[in-house]
Structures are given as C-alpha cells and as structure tokens.
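One letter stands for each residue in the lines below.
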Amino acid sequence: MTFRGTPKGPGAGSMQALYAQLLVGLINGSFYALLSLGLAVIFGMLNIINFAHGALYMMGAFVAYFLLNLGGINYWWALLLAPIIVGIFGMILERTMLKFLTGLDHLYGLLLTFGIALIVQGVFQNYFGSSGLPYAIPDQLKGGMNLGFMFLPIYRGWVVVFSLVVCLATWFLIEKTQLGAYLRAATENPTLVRAFGINVPRMITLTYGLGVGLAALAGVLSAPINQVRPLMGADLIIVVFAVVVIGGMGSIMGSIITGFALGVIEGLTKYFYPEASNTVVFVLMVLVLLVKPTGLTGRAA
Amino acid sequence: MKTRSIASLLLTTALTFAAAGVASAQDKTVKIGALSDQSGLYADLGGPGSTLAAQMAVEDSGLAAKGWKIDIISGDHQNKPDIGTAIARQWFDVDKVDVIVDVPNSGVALAVNNVIKEKNGVYINSGAATSDLTNAQCSPNTVHWTYDTYMLAHTTGQALVKAGGDTWFFLTADYAFGAALERDTTSVITANGGKVVGGVKHPLNTPDFSSFLLQAQASKAKIIGLANAGGDTTNSIKQAAEFGIVKGGQKLAALLLFLTDVKAIGLETAQGLNFTETFYWDMDDKTRAFSKRFSEKMKNGAMPTMVQAGVYSGVRHYLKSLEALGGNPHDGVKVVEKMKSMPTEDDLFGKGEIQPNGRTIHNAYLFEVKKPSESKGPWDFYKLVGTVPGDQAFTPLSESKCALLKK
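In every chain, residue numbers begin from 1 and rise along the written sequence. A letter from A marks each chain and a number from 1 marks each ligand, given out in the order of writing. Totals for whole chains, interfaces and linings use every residue, but because this is a predicted model, local features are given only for residues with pLDDT of at least 70 and side-chain atom pairs only at 80 or more, for both listing and counting.

Draft legend 1. Region of the structure containing the overall build of chain A. Starting at the N terminus, helices and strands are each numbered in turn, a helix being any DSSP run of H or I of at least four residues and a strand any DSSP run of E of at least two. Tallying secondary structure elements over chain A gives 11 helices and two strands in all. Counting from the amino terminus, helix and strand elements in chain A follow one another as α-α-α-α-β-β-α-α-α-α-α-α-α. Relative to a compact globule of 301 residues, whose C-alpha radius of gyration would be 19 Å, chain A shows 20 Å and is just as compact. Taken along its principal axes, the extent of the C-alpha atoms in chain A is 70 × 50 × 40 Å. Within chain A, buried positions represent 49% of all 301 residues. The atom set for the radius of gyration is the C-alpha atoms, and the globule formula is 2.2 Å times the number of residues raised to the power 0.38. Burial in this document is a count-based property: other C-beta atoms within 10 Å of a residue's C-beta are tallied, and the residue is buried at 20 or more, exposed at 12 or fewer, or partly exposed in between, with C-beta positions derived from the backbone.

Quick look at the structure:
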C-alpha cells in the first residue's frame, strides 16, 4: 500500500501554482454563476424553485451537438440558437404546466420540475447512453497561451469573459431598464401592473424562457469542456442550488458573485485537500445558513 | 369453524403439492442476477448491455430446448456498496438467485463478494477491476473474468516504463478500484527502475479535472497515470488535451479504457493512446458475428465492451458446468469447483482456464487508438499492437496471497 504523507500536489506553497488554481476556480465559477443566475431570475419572478434547470442545461449542450452533427451549424450559431430552442421548450413547459402552480406552495413547483428533469434525463439516457458524446472546441478558440504561471487554454479564458458579460447584461436588464422595472413590479403586485395594460402572463412566460435560455447557454459553453452527457446537469445542479442558497434566493447580483466566489473556493480546495473538493460547497452552505438563514444577500421571505 | 378448517386443509394440501412440484423441477431451474451500474458513469461499459449479454448467453447455450428453465433479473447498485449488498441479499433470500454476474465498481464488487460467500451463491464478476477479488479477498464462490488491476499494470504499465517512462504522477479515483490500480502499477514501476513522483486522489465522478491536471503538469513527471475509469477517464483525457499536456511532452497512461470511453472522447482527441483490453469486437469472424448480433439489440447500436463480452463468456461457461453436473445443485462452492475443473473456451475469449483462486486466464491485447483517417466505421477504433499470453498477463499463483491456495 503506497501512502503519500500529505495529499498536496507537488509545488504546493508556490505562488505560481496558487494563481493557477485561482484562475481554474474562476472558470468553474463561470458555470456556477450562469446557472445560479438563471435560477435566481426564475425564483425571483415566478417564485418557482426550478429543479429542471440541470436537465435544461444538458439540453443546451445536446442541441449544440445536434446542430453541429445533423445540421452542420457551428459553435457560434449554437451559442445563439441553442438558448432560443431550449428557451422555447421552457416556455411551452411554463404555458402547459408551471403556470398552474401560481400561488401554490413551493413544494409543488419543486416536485413538478424535479419530475420533468427525471423524465428528460431518462429519455436522453435511453437514446444516448451515459458516457456521452464528443463536441470539439471551435477552431478559433483552440490552443492556449502561456501566462507564466500556467498554461491557459484559450477556450477557458473565453468562457470566463463571455459568461461575465452575459451575467452583467442580465443584471442590467432586470435591475436598470424599464422592462426590468415592469418585471419586478409584476412580481410584487401582478394585478396592479395588469391594470396599467401590461400582459403579465406573457411577461412571466418570457422570463421563464430567459432563465431557461441562460441554462442552455451554459450548456453550450460547457459542451467542448465536458462530455455532452445526459447526466451532466444532474451532477452539477446540486452544487448550483447550494450556490443559490448561499447567495440568497432570488438575488441577481448575489447569485453572480457567489457563483464565481464558490468556484474559486472549490478550486483552492482541490489544491490543498482534493478529497474534500466535492463537499466544500455544502460545508459552506451549512455555515452560511447557520449565521444568516436568508443567504448572504437574501431578503427575508 | 368447520368451513375454515376445510379451507386450511385444502390450502395445506395445495402448498404441499406446490412444494413437491418445485422440488422435482428444482435441479433444472437457474436464476441469474445481473447486478450493475444501470444509469451512472459505468452504465455504458456494463449496465443494460451486460444484462443483454447474459440473455444472449442463455439463448446460445440451447439449454431451454433441453428442458432447463433459466431466468434473468437485473438490478442497479448505483455505485453504492450498501445498495449493492442489499440487492444481493434480497436476490438470495427472496428471489432465490443462483448466480450474480457483472458488478462493475470495485467497492461494490468487494462488498457483494462477502454476501455471496455467506449465502453460498456463485459470483462471476466481469466489471470490477480490483485484483483483490482473487488475491487477499478471494472466495471459493467467486470467479473473476475479463481483467483486473494486476493485468492492467503488467501490460500497459510495464510497456510504458520499458519504453522510457520512468517517472509517474497518478490521478487516482478515490475508492477501492483506484487504490488497487495505483498500488499494482506502482509495484510494476518500481520493479522496473521507475519512480512515482506524486499523485492526487480525486472523488469518483469528477466533472472538472483542470486543477488536478495542473498539478500533474507541474510535477514534470514523464507519464501521467490515470488510475480511474469511465466518465472520469474520458474527462481527464479530454481536458489534458485542452491544457496542452501531451503537446508539452508528457504522456498519458490510460490504464483502463473501454470501447465506449473511446467513442465518448472521439478519435480526434483519443488517437495514439495505448492501453490493454482482453476483448475487441473486430478481432476475427467469430467476435464480429457476436458483436453484430449484440449491437442490433442495443438501443444506441453500441458494440460490446470487454466487460459485456466477459459477462457473456462467464455465463456460457457457468451453464456448461451446470449441464456437465446434470442439474443445478444450488450449491455455489460445488458449481464453482466444477467451473474451475473445466477449461474455458468460447468465441469471444478463445481458450483459457480458471485458476484455483478464481482468476480466469486468457490472452490480453495491447491496442492503440486509430487516427480519425484510419477509422472506417462508427466503431472502428483500435489497432492491435501486441498480444500478451494469459500466463504472463495475470497474477502468477506463486505471488497470489489467496487463502484457497494454502490448503
């Protein structure tokens, strides 16, 4: 039995290695941020805990795969088309099922969306197996650059920049524009907003579509990094829910910041004590809930 | 009161007849339990395909025409030892299962090994890698088919060290399998004058390996040994390509790679990888004929992996032994002894034998993944590089610590 005294990797303690792990954490944080942002938007506007989020993220990756392999449509178009296609699927879900949950206990939304997630995953698994399908990195983003302290694949750098832009744009849309103001007003008092001549049900459907589209976008972004697998969302969604709980349910900026921050913390754990890297997020969640039950930036329900 | 006693009398009589009926037909009934990961990261290499392989073995045995009644049930252990043992116990106690086959995931496989020994069942393991099943934890009820960590270390591992890869860094799945594979490979490396310079133990089913890969890169080891399997291996290989590890001069050692993994990675990224398997669908006319039949029955048209082929081969041999016994004695030790006394031979693994410790011995093959330009079909992935005879690939009996050998 070989046993290494400490589980630390070689070069532990060197600043260069630390920078590298911080950057890698930031990359994973991008996915957490995009996904938790979608969840926060949906929870904030519809009051639904969307457990189907992981399945919709997975669908985004699969749509990108189909677009490329059946339609010859490349990555760049997939970034635009996959969120729209999956978003429309989400809006159909909202119109046919979720809208009947208005005013009911959170538990019903949770059960319904969880059931939808299981069905969607099951169907994909039945046809595509569990090991997944390959999706190549687009030619323009292949290769990497040497930053001195690490070799950064260009694609990973792109993921960080792109998701940051999308997150901030979404925040701006909801918190700073006229449309966002309507949205926030509609959550507070739908009857009054309707009296001003605004079609609230349509706005809610579009909001759900937006949240789902963000999940699908994250799916397309992750397709070249991870395998396009039916369970890719199920593996990730639990962590993302922890992120949302830590950040505070329904807080847009909170979910973005917590997403990136937790990616970094997880990255550091992978460096100092890899065995705990799958659990560190949940330990943090317990700590935050003990001290501040509404989450770091959450408002009281 | 009277009617009730008549009713109970009738019931008793009926039960007696039913019991007698079971007793007389008992010697020709067999129940096979295919226990596997049906939906997680090992489902494609075992899972529903292994159940199908067992069904095909039963059909091909031709025993149904000779009056045998053979049933197959399947179960999902979800890669959790507690669930695996609970299913195994229920199968023996309630469902009267005679033999459990497949069982990938070494952690689950070792736990189930104890239950089968306790219940005196038969265990034909094809999916698990740990060499402990026929070594320190061997059992008179167990036969280990297809491959194990000793074999992987002494084929792929040895070939790489001899080709100059004398410094290693391990990415190891943090459970029984990873530990066994790292241990067996390390002993080969040191025996051949190499050195292990470091390693990381990662949790099972890790989506992102970049942190670990950066550590491997910083170690400057010539070889990065992947002591993991399934989705963990595919993610490691894919992301290693992304981080320019192979271009930087380090070599990846995929110690355990399955056909479905190569499919998932894609030839573009997987090309040139060297690894070992004991079965490949495109070896000769017989393996091609079997694989074609198999693939036609799979939902996604997948070709069989070596694990699934091993389930087929193991069940065939098990049924042959029962036929030679003239019936099913429902006595695991007795059946396994019979299996060991007969040489193994089938279309998929060729000629072989089962050693006293339960290890099945057959050829192992070194393969290289083809370039995309060399591949002529959707499952045309491997080039045969070399053949290692069974007696060189698997643990020699002189090195085995199995208690069964010290009689």
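Draft legend 2. Just the packing of helix 12 (residues 306–325) of chain B against helix 13 (residues 332–341) of chain B, in detail. All names here are of chain B. Running from amino to carboxyl end, helix 12 crosses helix 13 at an angle of 105 degrees, the nearest separation of the two axes being 9 Å. Between helix 12 and helix 13, the interaxial angle falls into the category roughly perpendicular. For the pair formed by helix 12 and helix 13, the contact residues are His317, Tyr318, Ser321, Leu322, Ala324 and Leu325 on the first element and Val335, Lys338 and Met339 on the second. Just so you know the grouping, Ala, Val, Leu, Ile, Met, Phe, Trp, Tyr, Cys and Pro go in nonpolar, Asp, Glu, Lys and Arg go in charged, and all remaining residues, Gly too, go in polar. Counted by class, the contact of helix 12 with helix 13 contains six nonpolar, two polar and one charged residues. Axis definition: a line fitted to C-alpha atoms, over the contacting stretch in the case of helices. Angles run 0 to 180 degrees between N-to-C directions. Note on terminology: angles under 35 degrees are roughly parallel, angles over 145 are roughly antiparallel, angles of 65 to 115 are roughly perpendicular, and the others are oblique. The contact criterion used here is simple: two residues whose C-beta atoms, placed from the backbone, lie within 7 Å are in contact.

Draft legend 3. Quick peek at the UniProt feature "transmembrane region" (unreviewed entry) in chain A. All names here are of chain A. UniProt positions are given in the numbering used here, feature names are shortened, and annotations may be inferred rather than shown by experiment. Mapped onto the present numbering, the UniProt feature "transmembrane region" (unreviewed entry) falls at residues 20–41, 48–68, 74–93, 105–124, 155–174, 204–225, 237–265 and 272–291. Helix and strand shares over residues 20–41 are 100% and 0% respectively, and the end C-alpha atoms of the span are 32 Å apart. Here residues 74–93 runs as 95% helix and 0% strand, with 27 Å between its end C-alpha atoms.

Draft legend 4. Structural context of unusual backbone geometry. Within the chain, asparagine 47 of chain A stands out as a residue other than glycine whose phi angle is a positive 60 degrees. With respect to the secondary-structure elements, asparagine 47 of chain A resides in the loop between helix 1 (15–46) and helix 2 (53–71). Even without being glycine, glutamine 78 of chain B reaches a positive phi, approximately 55 degrees. Inspection of the secondary structure assignment puts glutamine 78 of chain B in the loop between strand 2 (69–76) and helix 3 (81–93).

Draft legend 5. Geometry of the interface of chain A and chain B. If you look at the interface, chain A gives 40 residues, while chain B gives 43 residues. Listing elements by their share of the side of chain A that touches chain B, those giving two or more residues are helix 1, helix 4 (106–128), strand 2 (151–153), helix 9 (232–247) and helix 10 (252–272) of chain A. In terms of residues, the side of chain A that touches chain B owes the most to one element, helix 1 of chain A, which gives five residues. Taken together, the residues of the side of chain A that touches chain B sort by class into 19 nonpolar, 17 polar and four charged.

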